[in-house]
Amino acid sequence: MELSAITYLVKNYDEAIEYFRDKLAFKLLEDTRLTNSKRWVLVSPAGSQTKILLAKAVGIEQVKAIGNQGGGRVFLFLSTSHFEDSYLKFKANGVEFLEEPRNEPYGKVVVFRDLYGNKWDLIESSKEA
């Protein structure tokens with residue numbers, strides 16, 4: 001088995017697509033209209049099998065969860081084999097970093113906040129990890 005996708009709550013499909021595509025260089029894999037207000041939108045980092053389903057929040061509970069899907073902790077981990085290049089590209093694209101890159105026993109890492117406030121790790125695993 002494989003984890004193929006994770007749901008990510010959004011306020012607006014188009015602004016979320018723009019962020020993932022233009023700031024994080026994700027690929028838009030699918031954007032299918034299901035109803036007048038619901039779409040099936042899948043994005044993915046280049047070369048990854050894992051997809052993110054951008055789901056427009058519906059109802060009070062889902063709207064409250066936008067930007068806090070990890071409960072204030074890092075929610076998603078974005079792995080790279082070229083940390084410096086990825087970090088500098090994201091920074092140039094206006095991604096909001098919460099700290100300076102640091103070395104940890106498991107690799108090089110930096111925390112960033114996405115367009116809604118969810119925290120992510122950009123990480124390059126160490127060879128020993």
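Look up: the structure comes first, before these words.
Since this is a predicted model, take the numbers as computed values, not measurements.

(A) Layout of the packing of aromatic side chains. Tallied over the full model, the rule gives eleven aromatic pairs. Taking the centre distance of 5.2 Å and the plane angle of 90° together, the rings of Tyr-8 and Phe-20 count as edge-to-face. With a gap of twelve residues between them, Tyr-8 in strand S1 (residues 5–10) and Phe-20 in helix H1 (residues 13–23) connect regions that are remote in the sequence. Of the two residues, Tyr-8 and Phe-20, neither departs from the other in class, the shared state being buried.

(B) Local environment of helix H3 (residues 83–92). Within H3, the full set of buried residues consists of Phe-83, Ser-86, Tyr-87 and Phe-90. Along the long axis of H3, the arc covered by the buried residues comes to 100°, so they all point the same way. The exposed set on the far side of H3, more than 90 degrees from its buried face, consists of Asp-85, Leu-88 and Ala-92. Among the structural elements, H1, strand S5 (74–79), strand S6 (96–97), strand S8 (107–113) and strand S9 (119–125) are those in contact with the buried residues of H3. Two residues or fewer past H3, Gly-94 is found with a positive phi of approximately 90°.

(C) A look at the pattern of salt bridges. Taken as a whole, this structure holds eight salt bridges when the rule is applied. With a shortest N-O distance of 2.8 Å, Arg-21 and Asp-22 are connected by a salt bridge. Classification of Arg-21 as partly exposed rests on a relative accessible area of 41%. A relative accessible area of 39% places Asp-22 in the partly exposed class. Note that Arg-113 and Glu-96 form a salt bridge whose closest N and O atoms lie 3.4 Å from each other. Of the two residues, Arg-113 is situated in strand S8 and Glu-96 in strand S6; the sequence distance between them amounts to 17 residues. Among the residues examined, Arg-113 registers a relative accessible area of 28% and is labelled partly exposed. A relative accessible area of 39% means that Glu-96 is categorised as partly exposed.

Rules used throughout
Residues numbered from 1 in each chain as written. Predicted model: local features only at pLDDT ≥ 70, side-chain atom pairs only at ≥ 80, totals over all residues. Heavy atoms only, no water. Phe/Tyr/Trp six-rings, centres within 6.5 Å; stacked < 30°, edge-to-face > 60°. Helix = DSSP H or I, 4+ residues; strand = E, 2+ residues; numbered from the N terminus. Buried < 20%, exposed > 50% of the residue type's maximum accessible area, 1.4 Å probe, protein only. Arc of directions from axis to C-beta. Contact = heavy atoms within 4.5 Å. Salt bridge = Lys/Arg side-chain N within 4 Å of Asp/Glu carboxyl O.

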